[in-house]
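# Structural overview for review
Residues per chain, in single letters:
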Amino acid sequence: AGRELRSFRERRRPERKPLSVERTKGSEMLFGIAPCSLALSQSRRDLFRLFLKQSGGSRRLVMSELVLQAAARGIPVHHVRRRELDALCRGQVHQGVCLEATPLRFKSLEEAEKPDLGDEESPNRQLIWLVLEQIQDPMNLGALLRSAYFLGVDRVVTSQRNSCPLTPTVSKASSGAMEVFDVYSTDDLRSFLKAKAAEGWEVVGTVSQPEDAENVPVISCSEFRWNKPVIIVIGSEGDGLSLETQLLCHRMLAIPPGRALHPGIESLNVSVAAGILLHSICSQKLKRGD
């Protein structure tokens, strides 16, 4: 009898129609607390609507802060059910928050050359740029941006060809670092590296196994020392650095393994390897100071 009564009540309960969201033309859906909060606090995107999960529970304070941020910028707030948020971000981990906004684009290198010239001409200025050649996985790109931002990299430059764009998934994987950290792009990576080398920068590549490097000296990242502006070049997930890019490097860095490795697991994930390399290099910068 009890089951029949519950069944009768469930049949009588009206089905609530899911929220129908007609997206603003050219917009995308950010998701996750950190990306949405940082996007709200910056002026880098046009923002349209904030969607929050009803009954925030343990995140009630965070949700209240997001509402205040949205109100300060005049952005409408919609309280919706979890399944509606799931639909808005296509099942990604949204933490109860989605934000409709315009996409972020890569910046061109020309946009930032002039403001940095004063710093670059300073004799005591140590600069480190991270260059990414054909990173295609958005989770890897996000993790790379997060590490670069945290460790103090001055600029990130990607190759335009065969590289992942700055998507909401990248922003979430970067824990929102993408929302505050400019990312640049070049359609001619080799000319860019040649030009920086001619300006006195050291171009340093990365390789998982020393025997993979072509006619370029390879050293352990722990042995690397630098006293002038340096560019660290990271290659794609599958193939690493292209041969043409390797030959433009002054040196190659490798991370020595801690044991004899079985075939097939002889390398690290690209974002993990980059984090180790950047920490090793940036820690020298922190010790010496600018």
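Now for a quick tour of the structure. Here the structure is a predicted model, which means the values were calculated and not measured.

Once that is clear, we can look at the overall build of the chain. Of the regular secondary structure elements, the chain holds 10 helices and 12 strands. As displayed, the chain offers around 16,000 Å² of accessible surface, 49% of which is attributable to carbon and sulfur atoms.

Turning next to the sheet that holds strand 12 (residues 251–254). Strands belonging to one sheet form pairs held by backbone hydrogen bonds; the direction of such a pair is parallel or antiparallel. The strand order across the open sheet formed by 8 strands is 5-8-7-6-11-9-12-10, and the pairing between neighbours is parallel. If you trace the sheet from one side to the other, it starts and ends with strand 5 (107–108) and strand 10 (218–220), each paired once. Inspection of the sheet shows strand 9 (residues 202–206) paired to strand 11 (residues 230–234) by 3 bridges, in the parallel sense. If you follow Val203 over to strand 11, its bridge partner there is Ile231. Running over the sheet, helix 8 (residues 189–198) touches strand 6 (128–132), strand 7 (155–159), strand 8 (183–186), strand 9 and strand 11 and is turned about 160° from strand 6.

This next bit is on the environment of Asp154. Considering the arrangement of structural elements, one finds Asp154 in the loop between helix 6 (138–151) and strand 7. Sequence separation between Asp154 and Phe181 is 27 residues, and the spatial gap between their C-alpha atoms is 9.5 Å. Residues within four places of Asp154 in sequence aside, it is in contact with Arg125, Gln126, Leu127, Ile128, Trp129, Phe181 and Lys285.

So, about the packing of aromatic side chains. All told, the structure shown has 3 aromatic pairs when counted by the stated rule. Between Trp129 and Phe192, the ring centres sit 6.2 Å apart and the planes meet at 5°, which makes this aromatic pair stacked. Of this pair, Trp129 sits in strand 6 while Phe192 is found in helix 8, placing the two residues 63 residues apart along the sequence. For Phe192, a relative accessible area of 8% puts it in the buried group. Taking the centre distance of 4.7 Å and the plane angle of 55° together, the rings of Trp129 and Trp201 count as tilted. With Trp129 in strand 6 and Trp201 in the loop between helix 8 and strand 9, the pair connects residues that are 72 residues apart, well separated along the chain. Taken as a pair, Trp129 and Trp201 share a single burial class, namely buried. Put simply, the rings of Trp129, Phe192 and Trp201 touch in pairs and so form one group of aromatic residues. In this structure, Arg155 packs its charged tip against the face of Tyr184, placed 4.6 Å from the ring centre.

Rules and cut-offs
- Residues numbered from 1 in each chain as written.
- Predicted model: local features only at pLDDT ≥ 70, side-chain atom pairs only at ≥ 80, totals over all residues.
- Heavy atoms only, no water.
- Helix = DSSP H or I, 4+ residues; strand = E, 2+ residues; numbered from the N terminus.
- Areas by Shrake-Rupley, 256 points an atom, 1.4 Å probe, with all protein chains shown as cover.
- Pairing = 2+ DSSP bridges.
- Contact = heavy atoms within 4.5 Å.
- Axes fitted to C-alpha atoms, helices over the stretch in contact; angles between N-to-C directions.
- Phe/Tyr/Trp six-rings, centres within 6.5 Å; stacked < 30°, edge-to-face > 60°.
- Buried < 20%, exposed > 50% of the residue type's maximum accessible area, 1.4 Å probe, protein only.
- Lys NZ or Arg CZ within 6 Å of the ring centre and 35° of its normal.

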